[in-house]
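# What the coordinates show
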Amino acid sequence: MLGTMIYGPRDIRCEEVPEPKILKPTDAVIRLAASCICGSDLWPYRGLNDVDWPKPMGHEYCGIVEEVGSAVTSVRPGQFVVGSFCISDNTCPHCRFGFQSSCAQREFMVGAQAPFARVPLADGTLVATSEIPADDLVPSLLATSDVLGTGWYAADAARVQRGSTVVVVGDGAVGLMGVLAAKQMEAGRIIAMSRHKTRQELALEFGATDIVTERGEAGAARIKALTNNIGADSVLECVGTKESMAQAIQCARPGSMIGYVGVPHGVEFDGQALFFSQVGMLGGPAPVRRFLPYLIDLVLERKINPGKVFDLTLPLSDVAEGYRAMDERRAIKTMLRV
Ligand SMILES: [Zn+2]
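Being a predicted model, the structure only gives us computed values, none of them experimental.

This part is about the overall build of the protein. Scanning the protein from N- to C-terminus turns up 12 helices and 18 strands. Taken over C-alpha atoms, the radius of gyration comes to 19 Å for the protein, in line with the 20 Å a tight globule of 338 residues would show. In terms of its C-alpha atoms, the protein occupies a principal-axis envelope of roughly 60 × 40 × 40 Å. In the protein, which comprises 338 residues, the proportion classed as buried is 52%.

So, in structure tokens, the structure goes:
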């Protein structure tokens, strides 16, 4: 079959790869309904992560179970399933506390930018729908696998609640999903920090009430001006750079929570500044598995449409162009037909 491999910075290839097989009794093999490119895939693409080249790419997935190992009991061939980018047993203490992304048996999904993929720990990782969903719901179901689950976790970790004032730092796909999540959690005010017209429009469509285009000190001053000089109750940090984390802390009121889901690259904290800011922080890789059943239901009931975040769809054979388009910010998020 064809699959996506990265050979080095900006060197993405769609090439012949071996079809995945059941390697352990707890595995499943799925036929993907669609795949996509994650913002986090751009870190190795830009050469900002140490990677053993070549490496298979892709960790967001949904589709039909083809085959299961002998120990798998909760899903069976023919079912439509969605799983998290974090592989988890869903039974260890961390999983039971709802932090499946720190599972004692955690693995990260790989090789999902392809028509078939192997999912380890299938019982703990996969959530099956009761029927095969309509085709037009596939993009939104695919979004639950990572980008929506991660934006949702940012809002959950930032303790967004009814009436909250929320600031979302970052207008990438995760930030936009954070806006959608805050809206579902009935935040009173959702301020999206964005400079890009198409992303501003999508943020407004997902529920943003205000757009702030300024950044840095000017951005923080604008947030203060919008919040009676107080700052936000909840801040979603959805980028992972030194500047975006500083922005998040500057926008947060004392006693607030920052949910940070951008993988940190070059982020450092000043202990004294953090001490006197009196903000709480919770983040890390999103425990998407905790939210999956609920998010899948919201999609199946057509209460949310996170699939709108895909503004470019390409065949798998054009995957390299999908990466380029996201890298150059011509596309928010690329879906791949497999
Ligand atoms: Zn676990």
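Relative to the helices and strands, asparagine 229 resides in the loop between helix H8 (216–226) and strand S14 (232–237). Remark: the alpha-carbon pair of asparagine 229 and arginine 253, spanning 24 residues in sequence, is separated by 9.2 Å.

This part takes up the sheet that holds strand S13 (residues 210–212). Sheet architecture is open: six strands sit in the order S13-S12-S11-S14-S15-S16, paired in parallel fashion. Pairing within the sheet leaves two strands with one partner each, and these edge strands are S13 and strand S16 (280–283). Each strand axis lies, on average, 20 degrees off the axis of its neighbour in the sheet, ignoring direction. Bridge analysis of strand S11 (residues 165–169) against S14 gives four bridges, and the strand direction is parallel. Each bridged residue has a counterpart across the sheet, and for valine 167 the counterpart in S14 is valine 235. Running over the sheet, helix H9 (residues 242–251) touches S11, S14 and strand S15 (252–260) and is turned about 145 degrees from S15.

Every α-helix winds through 3.6 residues per turn, so residues three or four apart in the chain are directed the same way. Inspection of helix H12 (residues 319–327) places Val319, Gly322, Tyr323 and Met326 among the buried residues, and these make up the whole buried set. Taken around the axis of H12, the buried residues stretch over an arc of 95 degrees, which confines them to a single face. Packing partners of the buried residues in H12 comprise strand S1 (2–8), strand S2 (11–16), helix H1 (42–45), strand S17 (312–315) and strand S18 (334–337). Positive backbone phi, approximately 60 degrees, marks arginine 329, located one or two places after H12.

Right, let's get into the pairing of S11. For a regular strand, side-chain orientation follows a simple rule: the groups alternate between the two sheet faces. S11 sits mainly inside the fold: five of its five residues count as buried. In S11, alternate side chains face the same way, and those of Thr165, Val167 and Val169 on one face and Val166 and Val168 on the other are all buried. When S11 meets strand S12 (residues 189–193), the two strands line up parallel, connected through five bridges. Residue threonine 165 lies in a different strand from S12, and its bridge partner there is arginine 189. Handedness of the crossover is the feature at issue here: the chain leaves S11, passes through helix H6 (residues 173–184), returns alongside S12, and the resulting connection is right-handed.

Next up on the list: the environment of cysteine 36. Among the secondary structure elements, cysteine 36 is positioned in strand S3 (residues 28–36). Judged by the 31 C-beta atoms lying within 10 Å of it, cysteine 36 is buried. For the pair cysteine 36 and alanine 232, spaced 196 residues apart in sequence, the C-alpha separation works out to 32 Å. With residues near it in sequence (within four places) discarded, cysteine 36 still touches Glu60, Leu142, Phe310, Lys333, Thr334, Met335 and Leu336.

With that settled, consider the domain arrangement of the protein. As far as domains go, the protein holds domain 1 (2–146 + 287–337) and domain 2 (151–283). When each unit is reduced to the centre of its C-alpha atoms, the spacing between domain 1 and domain 2 is 26 Å. Counting from both sides, the interface comprises 13 residues of domain 1 and, opposite them, 13 residues of domain 2. Residue composition of the side of domain 1 that touches domain 2, grouped by class: nine nonpolar, two polar and two charged.

As a further point, take H6. Relative to the 16 Å expected for 12 residues at 1.5 Å per residue, H6 spans 17 Å between its end C-alpha atoms, a close match to the ideal helical length. Among the 12 residues that make up H6, 10 are buried, leaving the element largely enclosed by the rest of the structure. Taken residue by residue, H6 has Ala173, Val174, Gly175, Leu176, Met177, Gly178, Val179, Leu180, Ala181 and Ala182 as its buried positions. Buried residues in H6 make contact with helix H5 (147–157), S11, S12, helix H7 (197–206) and S14. Immediately beyond the C-terminal end of H6, within one or two residues, lies glutamate 186, with a positive phi of roughly 65 degrees.

Bringing the packing of H5 against H6 into the picture now. As a packed pair, H5 and H6 sit with axes 7 Å apart at the nearest point and diverge in direction by 60 degrees. The angle between H5 and H6 falls in the class oblique. Here the hand of the crossing between H5 and H6 comes out right-handed. On H6, the residues touching Val147, Leu148, Thr150, Gly151, Trp152, Ala154 and Ala155 of H5 are Ala173, Val174, Met177, Gly178, Leu180, Ala181 and Ala182. Its residues assigned to classes, the contact of H5 with H6 shows 11 nonpolar, three polar and no charged.

Parameters at a glance
Residues numbered from 1 in each chain as written. Predicted model: local features only at pLDDT ≥ 70, side-chain atom pairs only at ≥ 80, totals over all residues. Helix = DSSP H or I, 4+ residues; strand = E, 2+ residues; numbered from the N terminus. Rg over C-alpha atoms; globule rule 2.2 N^0.38 Å. Buried ≥ 20, exposed ≤ 12 C-beta atoms within 10 Å, placed from the backbone. Pairing = 2+ DSSP bridges. Axes fitted to C-alpha atoms, helices over the stretch in contact; angles between N-to-C directions. Contact = placed C-beta atoms within 7 Å. Arc of directions from axis to C-beta. Right-handed = clockwise from strand over helix to strand, strands pointing away. Domains from an automatic or database assignment. Nonpolar A, V, L, I, M, F, W, Y, C, P; charged D, E, K, R; others polar. Expected span 1.5 Å × (residues − 1). Parallel < 35°, antiparallel > 145°, perpendicular 65-115°, else oblique. Left-handed = near helix turned anticlockwise from the far one by under 90°.

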